[in-house]
Amino acid sequence: MKLIVAADKNWAIGKNGQLLVRISNDMKNFRQLTEGNVVVMGRKTLESFPNGMPLPKRVNIVLTHDKNYNGRGAVVVNDESQLRDELKKYDDKEVFVIGGESIYRMMLPYCDTAYVTKIDYAYEADTWMPDLDREEGWSVVERGEEQTCFDLIYYFTTYKNESPKSFS
């Protein structure tokens with residue numbers, strides 16, 4: 001299982017249910033990595049998408065405690081056990097955890113790779129991702145060249161988890 005996120009220098013990922021910033025190259029990278037695969041998210045993440053609709057060309061799985069939630073075309077599961085059962089149907093695809101904060105925290109131990117767009121700026125935020133630079137077992141294995149979007153500097157960074165737990 002993999003994780004993908006854009007985070008600022010304090011590992012902030014959002015404010016008021018939205019991304020901190022939209023970087024077109026980051027969106028393109030996200031799309032290239034996740035299309036044709038499975039994305040796992042929480043309810044608030046799905047609702048932050050345009051019109052609250054699932055992402056096209058991907059299997060969208062929403063994890064929510066709301067048993068009556070309408071995922072508008074996404075597969076809805078209500079706990080880790082249901083998620084585990086659902087993911088067994090997609091052995092031939094990569095699984096990407098795409099947020100938000102509680103889903104990242106819950107699924108982090110099961111991820112072997114994290115694709116992090118590290119933004120060299122500190123935003124005002126209300127949502128954070130665990131700091132992989134301090135998480136035991138996680139280390140940077142690749143840091144791309146400096147990228148810019150107007151005056152914003154960012155890096156495509158890959159982290160590996162030396163001992164992910166099995167989710168099956």
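Residues numbered from 1 in each chain as written. Predicted model: local features only at pLDDT ≥ 70, side-chain atom pairs only at ≥ 80, totals over all residues. Heavy atoms only, no water.

## So, unusual backbone geometry
Most peptide bonds take the trans configuration, and most residues that are not glycine carry a negative phi. What counts, and what does not: Secondary structure elements are defined from DSSP: runs of H or I of at least 4 residues count as helices, runs of E of at least 2 residues count as strands, and each element is numbered from the N terminus. Per-residue accessibility, obtained with a 1.4 Å probe over protein chains only, is compared with the maximum for each type, and a residue is labelled buried under 20%, exposed over 50%, and partly exposed between these values.
Of note, the bond from Gly99 into Gly100 is cis; its omega dihedral lies within 30 degrees of zero at 0 degrees. Among the secondary structure elements, Gly100 is positioned in the loop between β7 (95–99) and α4 (101–107). A positive phi is found at Asn16, a non-glycine position, where the angle reads about 55 degrees. Tracing the backbone through its elements, the reader meets Asn16 in the loop between β2 (12–15) and β3 (18–19). With a phi angle near 60 degrees, Lys57 is a residue other than glycine that sits in the positive phi range. Mapping Lys57 onto the fold places it in the loop between α2 (43–48) and β5 (59–63). For Lys57, a relative accessible area of 64% puts it in the exposed group.

## Brief notes about the pattern of salt bridges
Operational definition: Just to be clear on terms, a salt bridge is a Lys or Arg side-chain nitrogen sitting within 4 Å of an Asp or Glu carboxyl oxygen.
Under the definition given, this model contains ten salt bridges. Taking the shortest distance from any N to any O, the salt bridge between Lys89 and Glu86 comes out at 3.0 Å. Across the salt bridge formed by Asp131 and Arg134, the nearest N and O atoms sit 4.0 Å from each other. When its relative accessible area of 22% is taken as the criterion, Asp131 is described as partly exposed.

## Here we look at the environment of Phe96
Just so we agree on the cut-off: Between two residues, a contact is recorded if the distance between any of their heavy atoms is within 4.5 Å.
Turning to its location among the elements, Phe96 is positioned in strand β7. When near neighbours in sequence (up to four residues on either side) are disregarded, Phe96 contacts Lys2, Ile4, Leu33, Thr34, Asn37, Val38, Val39, Val40 and Tyr115.

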